[in-house]
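Residues per chain, in single letters:
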Amino acid sequence: MPSILLLLQTAAPSPVATAPEKLPAWLSLIYLAGLLVIVLLLLLSILRSWHRQEARANNPNELPKEVRDRLGSTSTNRGLRALRVLFVMCAVAVFGFHVYWARYAESSNERFQELSYKDLRVRRLSESTLRGWIYDRKKRPLALYRREADGSITRDYPMDSALAHLFGSDRGDPGLERALFGTQSGAVPEAWQIVTGKSAEQKANSDVVITIDRDLQQAAVDQLKGKHGAVVVLNPQTGDVLAIYSEPSYSLKEVQDEATWIKLEANERDKPLVSRALGAYYIPGSTFKTVTMTAAHLAGLQNTQFTCSGSGYVAAPGANPIFDDGGAGEVHGRIPIDTAFEVSCNQYFAQMGVLLGPDRLKRAAQLLGIGAYNTSAEALRGRKEPELWNASTDAIKRALAPREATIVTGPKITKYDLALEGYGQGYAGQMTPFQMALAAAAIGNMEGKLLKTKIEVNRGPEVFNQVMQPQMAARLREIMGLVTGGSSGTARGVFSPVHAAGIITGGKTGTGQKVVPLYDPKTGAPLTRLRVEKDAKGNIIRQYQETMMDEQHPRIDAWFLCIAPLSRPQLAIAVVVEGGGYGSKSAAPIAAALVLKAKDLGYFGNVVTTNQGAQPRQDRRPKPPPATSPRPPANTR
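These numbers come from a predicted model, not from an experiment.

A.B. asks: I'm lost on the confidence of the model for the protein in this one. Help?
C.D. replies: When pLDDT drops low, the exact placement of atoms in the prediction is not to be read closely. Per-chain confidence: the protein averages 83 in pLDDT, with 78% of residues scoring 70 or above. Put simply, helix α1 (residues 2-10) is where the protein has its lowest mean pLDDT, 48, and strand β5 (residues 229-234) is where it has its highest, 98. In the model, residues 8-20 has pLDDT below 50 throughout and makes ten contacts with residues more than four positions away in sequence or in other chains. Across residues 183-187, where pLDDT falls below 50, the model places 17 contacts with residues more than four positions away in sequence or in other chains.

Right, dumping it as structure tokens:
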């Protein structure tokens, strides 16, 4: 508020906004009044009809003789009553349709929210009202007003494209800025307010402090530069969103031009308008083993050992054998769950998925905010999850709601499908970076709770679910520590400098293969080919354009989950790099850089492990029997 008042005092006076036209408001009120009069007359007519029917039933001789002879005593009235009822039902349907779009579409209809910026009343309201300033958690401005040389006032974004997906523009899906400052249609004055000269109260001039750290956000931008992917950084103890970024992004200033917006929207190859952190689905690969491991502990199966052999694991007769990344040459022998997680053993977690079964896997998934459905069709609906957010208004929750991550756990799912889900393939291929950060955050929370994420600094923590007991969470953190600090950990080499700096971490690498469309290199539009369907006689039934998929060269996405420091995590990080290859090669270094940046920013304080000679705790667990063939070198995933 003070920042806006100061700006207004120094700025040239702006022209008074034109009052909304009264004619549409009068017409709306006349329509409503006329509708009420019609409904009232219909009700009176029905009452009179019932009264006459009762009187004539008592004395039917009052009817004219010709009427009694030709129509009988009730035929005509029955037809008239049916017409009245039909008319009332039509009137109620029309009025209900009007009420839905005026009152409820804003909160329940995604298409309406996306196109609401085209409403002239909303555009006028947005342009005539100064919004509050937005500050990061350290009170540095992220959205503000500046006075230009000609005296005009313009909205400025110091980080612009770095926060474009979070703030959103006045076009397309509403973002945080539209949600904070009430530029939705619900803020438009009512007809009676316009006619009487009153104005609607607007939430506009209050400054807002959000949980984003400007320096950490910029570090995420720098790490993803030139790549396609996303980064999510949460505080698992509070639910604060410290950084969230998707690359490629766009400029908030440039999309004020409609032609630029249309061009960006048409780019289906890069999808710069889509927040990959919240709205893009990826195959999680081995990072989903974090979910399977959580499910195993919740089910009391954490002491189960399985055999990883050179012949692979066959989940059901006739099914393809499941191997580890190194094929038949990668054999781990009979191993417990901590070793399997450390070396990222596919065969172990495939067998654990089958042992868990759909019900126990479903329970763990739902505790973590993952939707579990009976069929793949239900899992592909892509609904949004505003319930994962802790916010002051429903508008903020809707604006930041991620697409629901899903798995299939129905009664018709096969053992082979369960095996694939166990290590992050098959029906587990609908994960978002935001959801995987939540899975890491639940383990990172000292009480085993999954907190709702929040973007407003002044909000207290809210619990989404008590996922596990504190002792179980501590054990899972210890196992995650093997990935970055164990002798065979898949990210040991990448995190050696981090541990050398005194920060003991935990993590999980992942690699997901995804078949993607072929795109035109110039326009970014997907390539298509004509498909023709014919009947048995050779007659054409239909013709359609089919998107061409690059079956020969699937995209290999790199993942990494991280919690740091292990003693009391202040960060839960999810990183995905499209086409990045192994998670340890491209995603893990980004997470390591963010951890070091957070240390420089003072996030760890006294909770950082300063004993640089500390040894990982895997030395205390029983050693597995020797494998039948040598283990692969570390950092292969």
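From this point, the discussion proceeds with the structure in view.
A.B. asks: Explain the nonpolar core to me, please; I cannot follow it from the model alone.
C.D. replies: Nonpolar side chains tend to gather and get buried jointly when the protein is soluble and globular. Among the nonpolar cores identified, the biggest contains 134 residues, and Leu 166, Phe 167, Ile 210 and Ile 455 are the most heavily contacted of them. When residues of this core are assigned to their parent elements, the largest contribution, ten residues, is made by helix α15 (residues 346-367). Those residues within four positions of Leu 166 in sequence are excluded, and the remaining contacts are Gly 175, Leu 176, Ile 210, Ile 212, Ile 244, Leu 400 and Ile 455. Listed in part, the five residues of the second largest apolar core include Leu 130, Trp 133, Tyr 135 and Leu 144.

A.B. asks: How do you make sense of the packing of helix α13 (residues 289-298) against helix α20 (residues 470-485) when you look at a structure like this?
C.D. replies: Think of two packed helices as two axes; the pair is described by the angle between the axes and how far apart they sit. Where α13 meets α20, the axes come as close as 11 Å, and the angle between the chain directions of the two elements is 140 degrees. α13 and α20 meet at a crossing whose hand is right-handed. For the pair α13 and α20, contact is made by Met 293, Thr 294, His 297 and Leu 298 and by Met 472, Arg 475, Leu 476, Ile 479 and Met 480, respectively. Taken together, the residues of the contact of α13 with α20 break down into six nonpolar, two polar and one charged.

A.B. asks: It is not clear to me how the sheet that holds strand β3 (residues 153-156) should be interpreted in this structure. Could you clarify?
C.D. replies: Hydrogen bonds between backbone atoms are what pair the strands of a sheet, whose relative direction is either parallel or antiparallel. What the four strands build is an open sheet, ordered β3-β2-β1-β4; its pairing is mixed. Sheet topology places β3 and β4 (208-209) at the edges, where each strand pairs with a single neighbour. Direction of pairing for strand β1 (residues 134-135) relative to strand β2 (residues 141-147): antiparallel, over a ladder of two bridges. Counterpart to Ile 134 in the pairing with β2 is Ala 143.

A.B. asks: How should the sheet that holds strand β6 (residues 241-247) be read in this particular structure?
C.D. replies: With respect to topology, five strands assemble into an open sheet ordered β6-β5-β17-β16-β13, the strand pairing being antiparallel. Because the sheet does not close on itself, it has two edges, and the strands there are β6 and β13 (506-514). Taking each pair of neighbouring strands and ignoring which way they run, the sheet shows an average axis angle of 10 degrees. Sheet analysis places β13 next to strand β16 (residues 555-564), joined by nine bridges and oriented antiparallel.

A.B. asks: Please explain helix α22 (residues 583-600) as it appears in this structure.
C.D. replies: Residues spaced three or four apart along an α-helix face the same direction, because each turn holds 3.6 residues. Counted at 1.5 Å a residue, the expected span for α22 with its 18 residues is 26 Å, and the 25 Å between its end C-alpha atoms agrees. Positive phi shows up at Gly 602, right after α22, with a value of about 85 degrees.

A.B. asks: So what exactly am I meant to see when it comes to the environment of Lys 415 here?
C.D. replies: Relative to the helices and strands, Lys 415 resides in helix α18 (residues 415-422). Considering only alpha carbons, one finds Lys 415 and Ala 316, 99 residues apart in sequence, at a separation of 6.4 Å.

A.B. asks: Is there a simple way to think about the pattern of salt bridges in this case?
C.D. replies: Any two side chains of opposite charge can pair, on the condition that their charged atoms come close. Under the counting rule described, the total for this entry stands at 25 salt bridges. One salt bridge connects Glu 177 with Arg 131, and the closest N-O pair in it is separated by 3.5 Å. Of this pair, Glu 177 sits in helix α8 (residues 176-180) while Arg 131 sits in the loop between α6 (120-128) and β1, placing them 46 residues apart in sequence. Assessed through its relative accessible area of 1%, Glu 177 is described here as buried. Judged by relative accessible area, Arg 131 falls into the buried class, the value being 7%. Asp 136 serves as the salt-bridge partner of Arg 140, at 2.7 Å between the closest nitrogen and oxygen. A relative accessible area of 22% means that Arg 140 is categorised as partly exposed. On the basis of relative accessibility, which here comes to 0%, the residue Asp 136 falls in the buried class. What emerges from the salt-bridge pattern is a single network uniting Asp 136, Lys 138, Arg 140, Asp 213 and Asp 215.

Calculation notes
- Residues numbered from 1 in each chain as written.
- Predicted model: local features only at pLDDT ≥ 70, side-chain atom pairs only at ≥ 80, totals over all residues.
- Heavy atoms only, no water.
- pLDDT = per-residue confidence, 0-100.
- Helix = DSSP H or I, 4+ residues; strand = E, 2+ residues; numbered from the N terminus.
- Contact = heavy atoms within 4.5 Å.
- Core = buried A, V, L, I, M, F, W, Y, C linked by side-chain atoms within 4.5 Å.
- Buried < 20%, exposed > 50% of the residue type's maximum accessible area, 1.4 Å probe, protein only.
- Axes fitted to C-alpha atoms, helices over the stretch in contact; angles between N-to-C directions.
- Left-handed = near helix turned anticlockwise from the far one by under 90°.
- Nonpolar A, V, L, I, M, F, W, Y, C, P; charged D, E, K, R; others polar.
- Pairing = 2+ DSSP bridges.
- Expected span 1.5 Å × (residues − 1).
- Salt bridge = Lys/Arg side-chain N within 4 Å of Asp/Glu carboxyl O.

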